[in-house]
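One letter stands for each residue in the lines below.
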Amino acid sequence: MLRRTHTCGELREFHVGQTVTLNGWVNSYRDHGNLIFIDLRDRFGLTQLVFDPDNGILADMMAQADKLRNEDVIGVEGRVRVRIGGENPKLETGKVELVVTKLEIFNKTDNPPFLPDDLTKLPNEELRLTHRYIDLRRPKMQQILQTRSRALMTTREFFHSNGFLEVETPVLYKSTPEGAREFLVPCRNVPGTFYALPQSPQLFKQILMVSGADRYMQICRCFRDEDPRADRQPEFTQIDLEMSFVRREHVMEMMESFVRSFWKSMCGYDVPTIQRMTYRDAMETYGIDRPDTRYDLRTTDLSDLAARTDFKVFKDALAKGADRPRFNSKRGVVKAMRVPGGADKLTRKITDGYSDFVKTFGAGGVAVTKYIKNDKGELALDTGVAKFLEPLKADLVAALGLEPGDTVLFVADAYSVATKAIGELRQQVARDMGLIPKPGAEGGGGGPWNFLWVIDFPMFERNKDTGKWVAMHHPFTAPRDDQRDQFVNADVDDEVAIESIVSAGYDIVLNGSEIAGGSVRIHDKAVQSKVFQLLGLTPEQAKEKFSFLLEALSFGAPPHAGIAFGFDRLIMHLCGTDNIRDVIAFPKTQIGADLMTKAPSQATDAQLKDLHIKSTWEPPAKA
RNA sequence: GGGGCGGUAGCUCAAUUGGUUAGAGUACCGGACUGUCGAUCCGGUGGUUGCGGGUUCGAGUCCCGUCCGCCUCGCCA
């Protein structure tokens, strides 16, 4: 076999005169009859090969070369020379070419369904996923795989050099059916029982703290059987970690150091001190718990002002009940957003579309007005709901800091609905106004990079359907240290008191995307009991579900805290893509299928019998 | 579970109001060509219009169902 001495991205002018061997795929061929050019590709680049009869090439090799087609796999030996036809500045190796003297065809390809080419339009994703091995040959995909590999390396380096112990935890795990739906694995040895695949190694990493691991990290696979999205897969990767003898500040400090070292190493960017925002500020000002702070659009609660208008939509919304008593003790809300310069850019057609847009989040619509000069040349409110607001113009201008040419958008509803709707609307407006920087604009990769800590989350929120309290993060999240006594002593029926308790949780948000989330954990039995009580778990139920953790906590648990990063999302940001499938070598579709291997597939009766299970599924009757 | 978009040659797309033999580029096959570099030029093969029904003299086009892919709401402690 002609084994390579160099890669296809390697040859330069100083190799001229050397005899070298290359291996790779035929990326393109240009056949001039008695002169054939081949661009040979591997992961490292492209090199031009020449089959040139003037250089003593044998006729039968010329005939073989004549048949070479895209994606054939070959080995060639030859002499490096300066290109006779002049440099190709598009290629790293563009100053030289390889005059082939030996050719070995390792594998002729069937005509491929598509070519791994970044220049032409990509075929549809279904085809790319079915023939993933071809799609992955594309230079862009190779680059992503490389970035991902480097990121794994730099992550491990950081944590290993900071005293973290890398420990693997089980994939076959105990089912704890709170939170996300789990994948179940039937157990052959104990009929009728099942393992679950972990949503995260949460409980194991806490146990590891009790075990004296002191600092743990793992780059681990997590599984959640929920419908995927552009940035979600049923199977995904986390950088998971936990630390002993720390409080919130220590974890945040360590993570800031990690993020700084990671971005420095990945794209040479110096992450500045990460600003902090409370959950409440995030919700009030941005309508979302992961604000994109790359642009300065803000939302404002104008309920008091709106109550003074005669606009029925506002009045009705305000009359709605309070669904978040901590934030609004009496009523629904009217939220407003000032859009600087919106009067010109946000056309009637666009703002009409906003009403449909917010309807998808349960809101009734968007009220619009503009602050512009009227016929008399005076600054006035114009169009939409102007007539209701005109009497309050001065107050509105003051409250929002309106400037001429601004548009104001209003969403009125119960707190949760209005907040969510205007938060989503804010992002849509940012897109329409062109406020979102293009990836790579600054700071390398997908920059600019706007990092943000979001802290002081509520411990609990009401489940919309059942009305029961649920843990906002998970049931092992501790209250913020200064809230511990207040929490333990709180009356479980005092809704306002319970919702006011703030947790010691923290998220890292990057450009409007949650890249990490964690918390200080409960290591104190009184606190843990109170949490279970609030969640409606009896001590018996709690014991049944989490006995191993509770037992562990009772045998000498250090104070501990941790966090987990969504690794795939980090890579998405670094690569400036908004599709998580692009940063996963073998991703799944929206129904969790792997189009290449055709998973999932049916099990045989014998397999099912072994596992003591029976499928209730039957093929639909034919009409 | 709901909403939206899409599925036509190997691939990317086109096809007027429902109307002749479903076209183009590219890939592939054959031919020409000694300096190209997304080579060029000439010729050719290639179609269950996702699948199943229905309406119609006639369906890629309209209707119903279904499958697949993408976006999204719900969901994602």
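Residues numbered from 1 in each chain as written. Chains lettered and ligands numbered in written order. Predicted model: local features only at pLDDT ≥ 70, side-chain atom pairs only at ≥ 80, totals over all residues. Heavy atoms only, no water.

## What to know about the domain arrangement of chain A
In terms of domains, chain A is made up of domain 1 (13-107), domain 2 (143-278 + 449-583) and domain 3 (295-433). Relative placement of domain 2 and domain 3: their C-alpha centres are 36 Å apart. (Domains from an automatic or database assignment.)

## Let's talk about unusual backbone geometry
At the junction of Ala 599 and Pro 600, the peptide bond is cis and its omega measures out at 0 degrees in the coordinates. The residue Pro 600 is located in the loop between α19 (567-575) and α20 (605-610) in this model. Of note in the backbone geometry, Phe 245 takes a positive phi value of approximately 60 degrees without being a glycine. Secondary-structure assignment places Phe 245 in the loop between β10 (235-244) and α6 (248-267). Owing to a relative accessible area of 59%, Phe 245 belongs among the exposed residues under this scheme. Non-glycine residue Asn 511 carries a positive phi angle of around 50 degrees. Asn 511 sits in the buried class, given a relative accessible area of 8%. (Helix = DSSP H or I, 4+ residues; strand = E, 2+ residues; numbered from the N terminus. Buried < 20%, exposed > 50% of the residue type's maximum accessible area, 1.4 Å probe, protein only.)

## Some details on the packing of aromatic side chains
Here the structure, examined in full by the defined rule, presents 19 aromatic pairs. The interplanar angle of 90 degrees and the centroid separation of 5.1 Å between the aromatic rings of Phe 476 and Phe 546 together place this pair among those described as edge-to-face. In this pair, Phe 476 sits in the loop between β19 (469-471) and α15 (484-489) while Phe 546 sits in helix α18 (residues 539-554), placing the two residues 70 residues apart along the sequence. Assessed through its relative accessible area of 3%, Phe 476 is described here as buried. For Phe 546, a relative accessible area of 4% gives the class buried. The ring of Trp 469 carries the charged tip of Arg 462 above its face, separated from the ring centre by 4.1 Å. (Phe/Tyr/Trp six-rings, centres within 6.5 Å; stacked < 30°, edge-to-face > 60°. Lys NZ or Arg CZ within 6 Å of the ring centre and 35° of its normal.)

## Quick word on the packing of helix α5 (residues 202-210) against α18
Viewed as axis vectors pointing N to C, α5 and α18 meet at an angle of 20 degrees, and their least axial separation amounts to 9 Å. Classified by the angle their axes make, α5 and α18 are roughly parallel. Crossing angle aside, the handedness with which α5 passes α18 is left-handed. Here Leu 203, Gln 206, Ile 207 and Val 210 of α5 come into contact with α18, specifically with Phe 546, Phe 548, Leu 549 and Ala 552. Of the residues that constitute the contact of α5 with α18, the class distribution is seven nonpolar, one polar and no charged. (Axes fitted to C-alpha atoms, helices over the stretch in contact; angles between N-to-C directions. Parallel < 35°, antiparallel > 145°, perpendicular 65-115°, else oblique. Left-handed = near helix turned anticlockwise from the far one by under 90°. Contact = heavy atoms within 4.5 Å. Nonpolar A, V, L, I, M, F, W, Y, C, P; charged D, E, K, R; others polar.)

## Some thoughts on the side chain of Asp 406
Summarising the element assignment, Asp 406 is placed in strand β16 (residues 406-413). Given a relative accessible area of 2%, Asp 406 falls into the buried group. At a separation of 3.3 Å, a polar atom in the side chain of Asp 406 contacts the main-chain amide nitrogen of Gly 341. Non-local contacts of Asp 406, meaning those with residues more than four positions away in its chain, are made with Arg 338, Val 339, Pro 340, Gly 341, Gly 342, Ala 343, Thr 369, Lys 370, Tyr 371 and Gly 401. (Polar contact = N/O pair within 3.5 Å; in protein donor to acceptor, adjacent residues only side chain to side chain.)

## Focus: the pattern of salt bridges
Where side chains of opposite charge bring their charged atoms close, a pairing between them can arise. Evaluated as defined, the whole model comprises 44 salt bridges. Residue Arg 128 is joined to Asp 582 by a salt bridge in which the shortest nitrogen-to-oxygen separation is 3.2 Å. One end of the pair, Arg 128, is in helix α2 (residues 125-130); the other, Asp 582, is in the loop between α19 and α20, with 454 residues separating them in the sequence. The residues Arg 128 and Asp 582 share a single accessibility class, namely buried. A salt bridge links Arg 181 to Glu 226; the nearest nitrogen and oxygen atoms lie 3.6 Å apart. (Salt bridge = Lys/Arg side-chain N within 4 Å of Asp/Glu carboxyl O.)

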